[in-house]
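Working through the structure, step by step
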Amino acid sequence: MRTFKVMALTLAGVLSASVANAQDEVEATVSADVVSNYIWRGQKLGEGSIQPTLGISYKGLSLSAWGSYGITNPDDTKEFDLTLAYSTGGFNVGITDYFFTSQYDGIKYFQYGAHSTAHVFEANIGYDFGPLSVQWFTNFSGADGVNEDGERAYSSYVEVAAPFKLGGLDWSASIGAVPFATTFYADASGFAVTNLTVKATKEIKITDSFSIPVFGQITANPSTEKAYFALGFTLQP
């Protein structure tokens, strides 16, 4: 789900959240993250995983596929996400279709019934100001959580992230919160800070034309009083 969704936002996760300059030619990308833990928005969703990405973009419009598959625990959630996004300047907007398997045994991919689907549909909007970026995400359909009244929560998440350089590494610091009560984010009973993350990335040069980005991340979730440390690397042509 997601930009190291493992690393909360990760390279995907947030694919819909990434901001890029519009280009004049069609561009395609393919890559894969290998991570020690799958951490997403302050929640641990799995153990060691491989997370492939395939995308195509043209003049600010992009369509991408992202997945996560457990490699150390076969019972981990298997995930397949599709994101349609548009960006111009610092502004970006997108829609993501998340599909999960383990929580919904026996449910097929093309099953979209209101009370039986394993899909979650989310819209996002954000802006990258340079020194920091702001993103807002809201579930608008599918297998959303419920609020304290047992009704659809329209579960939302907001995050502020800031990149910086320190000690020869590329860093990012982010803080994320759930604004409303929902069972979708670890049973948040109202406004809750769910994600405090610091991530560092370093490109390891293998040859003159090939390098591997290696990253480490520390994530704390004040709402659940849990903390995680994750490592990973990216493979790409």
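Everything below is about the structure printed above this text.
Sequence positions are assigned chain by chain, starting from 1 and proceeding in written order. Local features in this predicted model are restricted to residues whose pLDDT is 70 or higher, and side-chain atom pairs enter the listing and the counts only when it is 80 or higher, whereas totals over whole chains, interfaces and linings include all residues. The basis for every side-chain value is the complete set of non-hydrogen atoms in the structure, without hydrogens or water.

Focus on the overall build of the protein chain
Counting secondary structure elements, the protein chain contains zero helices and 14 strands. Relative accessible area decides the class of each residue, using a 1.4 Å probe on protein chains only: under 20% of the type maximum gives buried, over 50% gives exposed, and in between gives partly exposed. Here the protein chain, with 237 residues, has 45% of them falling under the buried criterion. When the accessible surface of the protein chain is totalled, it reaches about 11,800 Å², and 63% of it is carbon and sulfur. Every helix listed is a DSSP run of H or I at least four residues long, and every strand listed is a run of E at least two residues long, numbered separately from the N terminus. The Shrake-Rupley method, run with a 1.4 Å probe sphere, supplies the accessible areas, and residue values consider only the shown protein chains as cover.

Thoughts on the sheet that holds strand 14 (residues 226-235)
When DSSP locates at least two bridges between a pair of strands, those strands are taken to pair. Taken in spatial order, the twelve strands of this closed barrel run 1-4-5-6-7-8-9-10-11-12-13-14, and their pairing is antiparallel. In this sheet, adjacent strand axes meet at a mean angle of 20° when their direction is disregarded. For strand 5 (residues 61-70) and strand 6 (residues 79-88), the ladder comprises eight bridges, and the chain directions are antiparallel. Paired with Ser 64 across the strands is Thr 83, a residue of strand 6. As a rule, the C-alpha atoms of each element are fitted with a line to give its axis, helices using only the stretch in contact, and angles between N-to-C directions run from 0 to 180 degrees.

Section: the pairing of strand 13 (residues 211-221)
Across ten bridges, strand 12 (residues 192-205) lies against strand 13 in antiparallel orientation. Each bridged residue has a counterpart across the sheet, and for Ile 204 the counterpart in strand 13 is Ile 212. Here strand 12 hands over to strand 13 after five residues, the two strands then running antiparallel side by side. In terms of strand pairing, strand 13 meets strand 14 through eight bridges, oriented antiparallel. What sits directly across from Val 214, in strand 14, is Phe 233.

Some points on the pattern of salt bridges
We define a salt bridge as a side-chain nitrogen of Lys or Arg found within 4 Å of a carboxyl oxygen belonging to Asp or Glu. With the rule as written, the count across this model stands at five salt bridges. With a closest N to O distance of 2.3 Å, Asp 170 and Lys 165 form a salt bridge. By relative accessible area, Asp 170 is classed as partly exposed at 38%. A relative accessible area of 68% places Lys 165 in the exposed class. One salt bridge connects Lys 205 with Asp 208, and the closest N-O pair in it is separated by 3.3 Å. Relative accessible area serves as the criterion here: at 76%, Asp 208 is assigned to the exposed category.

Regarding the pairing of strand 12
Inspection of the sheet shows strand 11 (residues 169-178) paired to strand 12 by nine bridges, in the antiparallel sense. Its bridge partner lying in strand 12, Ser 174 is registered against Thr 197.

Re unusual backbone geometry
One non-glycine residue, Lys 59, lies in positive phi territory at about 50°. Along the polypeptide, Lys 59 turns up in the loop between strand 4 (49-58) and strand 5. The backbone of Tyr 154 shows a phi angle near 45°, a positive value even though the residue is not glycine. One can find Tyr 154 in the loop between strand 9 (133-142) and strand 10 (156-166).

A look at the packing of aromatic side chains
Working definition: rings of Phe, Tyr and Trp (its six-membered ring) pair if their centres are within 6.5 Å, and the pair is stacked with planes under 30 degrees apart, edge-to-face with planes over 60 apart, and tilted otherwise. All chains considered together, the criterion is met by 16 aromatic pairs. Ring centres of Tyr 98 and Phe 100 lie 6.3 Å apart, and the angle between their planes is 15°; on these two criteria the pair is classed as stacked. Taking relative accessible area as the criterion, Tyr 98 reaches 2% and is therefore assigned buried. For Phe 100, a relative accessible area of 6% translates into the label buried. Geometrically, the ring pair formed by Phe 99 and Tyr 109 is edge-to-face, given 4.8 Å between the ring centres and 65° between the ring planes. On the criterion of sequence distance, the pair formed by Phe 99 in strand 7 (residues 91-100) and Tyr 109 in the loop between strand 7 and strand 8 (119-128) is long-range, its members being ten residues apart.

With respect to the environment of Tyr 157
With respect to the element layout, Tyr 157 can be found in strand 10. Under the relative-accessibility criterion, Tyr 157 is labelled buried at 0%. With 20 residues separating them in the primary sequence, Tyr 157 and Phe 137 have C-alpha atoms 5.2 Å apart. Every residue pair with non-hydrogen atoms within 4.5 Å of one another is taken to be in contact. In contact with Tyr 157, not counting residues within four places along its chain, are Arg 41, Gln 135, Trp 136, Phe 137, Gly 176, Ala 177, Val 178, Pro 179, Tyr 185, Thr 194 and Asn 195. Each polar contact in these results corresponds to two N or O atoms within 3.5 Å; when the atoms are within protein, one needs to be able to donate a hydrogen and the other to accept it, and residues that are neighboring in sequence are counted only if both atoms are side-chain atoms. Within the structure, the side chain of Tyr 157 is placed 3.0 Å from the side chain of Asn 195, a separation counted as a polar contact.

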